[in-house]
Amino acid sequence: DDLPAAGTTDTTPPSVVTVNAVDESHVDVTYNENVQREAAEDVDNYLIVETTIALVEAGVVPGDTLAVIGAALGSDQRTVSLWTDFMLATPYDMSVTGVKDASGNTIATPVVKSFTGSLIATYTVKDANLLALPEAPSSVTNGADLSTL
């Protein structure tokens, strides 16, 4: 709805197109249109819930939440990268509310998308003998300080 027909106004909130676990602590959420940075980077607009019963013996039960600890809107203005607590390669449901498109239309009714977590670890070699996690931003618009994680 970025470019409504001539003479019309965009009155439709953005929709979630995809949710993709990139690695064990990073999820990308892609919208169908440009979204506003402040709302898109508000971690309170995202809820991730574990949905499988396969890991009950390991202490993971359906309904456990996966904390979203940071968010950054990409340069395409449609993709939000979320930093989360460590996730397992199990099914999750993500609920999104409060995100606004460029016209100010808000997702008022929770939109739920399912995805499977990832155990893929992403590392960069900084030294021939050392591996380090990729660098995440030290802060995001919503004020979360990720440098202490």
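Criteria and thresholds
- Residues numbered from 1 in each chain as written.
- Predicted model: local features only at pLDDT ≥ 70, side-chain atom pairs only at ≥ 80, totals over all residues.
- Heavy atoms only, no water.
- pLDDT = per-residue confidence, 0-100.
- Helix = DSSP H or I, 4+ residues; strand = E, 2+ residues; numbered from the N terminus.
- Contact = heavy atoms within 4.5 Å.
- Phe/Tyr/Trp six-rings, centres within 6.5 Å; stacked < 30°, edge-to-face > 60°.
- Core = buried A, V, L, I, M, F, W, Y, C linked by side-chain atoms within 4.5 Å.
- Buried < 20%, exposed > 50% of the residue type's maximum accessible area, 1.4 Å probe, protein only.
- Salt bridge = Lys/Arg side-chain N within 4 Å of Asp/Glu carboxyl O.

Caption draft 1: Here's a closer look at the confidence of the model for the chain. Confidence in the prediction of the chain, expressed as mean pLDDT, is 81, and 69% of residues score 70 or more. Here strand 9 (residues 124-127) stands out as the least confident element of the chain, with mean pLDDT 45; helix 1 (residues 37-40) is the most confident, with 98. Segment residues 123-134: pLDDT under 50, and 13 contacts once partners within four positions in sequence are set aside and those in other chains are kept.

Caption draft 2: Broad picture of the packing of aromatic side chains. A full pass over the atoms with the stated rule returns one aromatic pair. Summarising the aromatic geometry, the rings of Tyr92 and Phe115 are spaced 5.5 Å apart at their centres and angled 20 degrees between planes, so their arrangement reads as stacked. With Tyr92 in strand 7 (residues 91-96) and Phe115 in strand 8 (residues 111-116), the pair connects residues that are 23 residues apart, well separated along the chain.

Caption draft 3: Molecular detail of the nonpolar core. Grouped together as the largest cluster of nonpolar side chains are 24 residues, with contacts concentrated most on Tyr31, Tyr46, Val80, Leu82, Met94, Val96 and Phe115. Apart from residues lying up to four places away in sequence, Val96 is in contact with Val16, Tyr31, Asn45, Tyr46, Ile107, Thr109, Pro110 and Val111.

Caption draft 4: Fine view of the pattern of salt bridges. Inspection of the entire model under this criterion finds one salt bridge. Between Arg37 and Glu41 there is a salt bridge, with its nearest N and O atoms 3.0 Å apart.

Caption draft 5: Just the environment of Leu119, in detail. Counting through the fold element by element, Leu119 comes out in the loop between strand 8 and strand 9. Judged by relative accessible area, which is 51%, Leu119 ranks as exposed. Each C-alpha atom, one on Leu119 and one on Leu88, is 6.0 Å from the other, the two residues being 31 residues apart in sequence.

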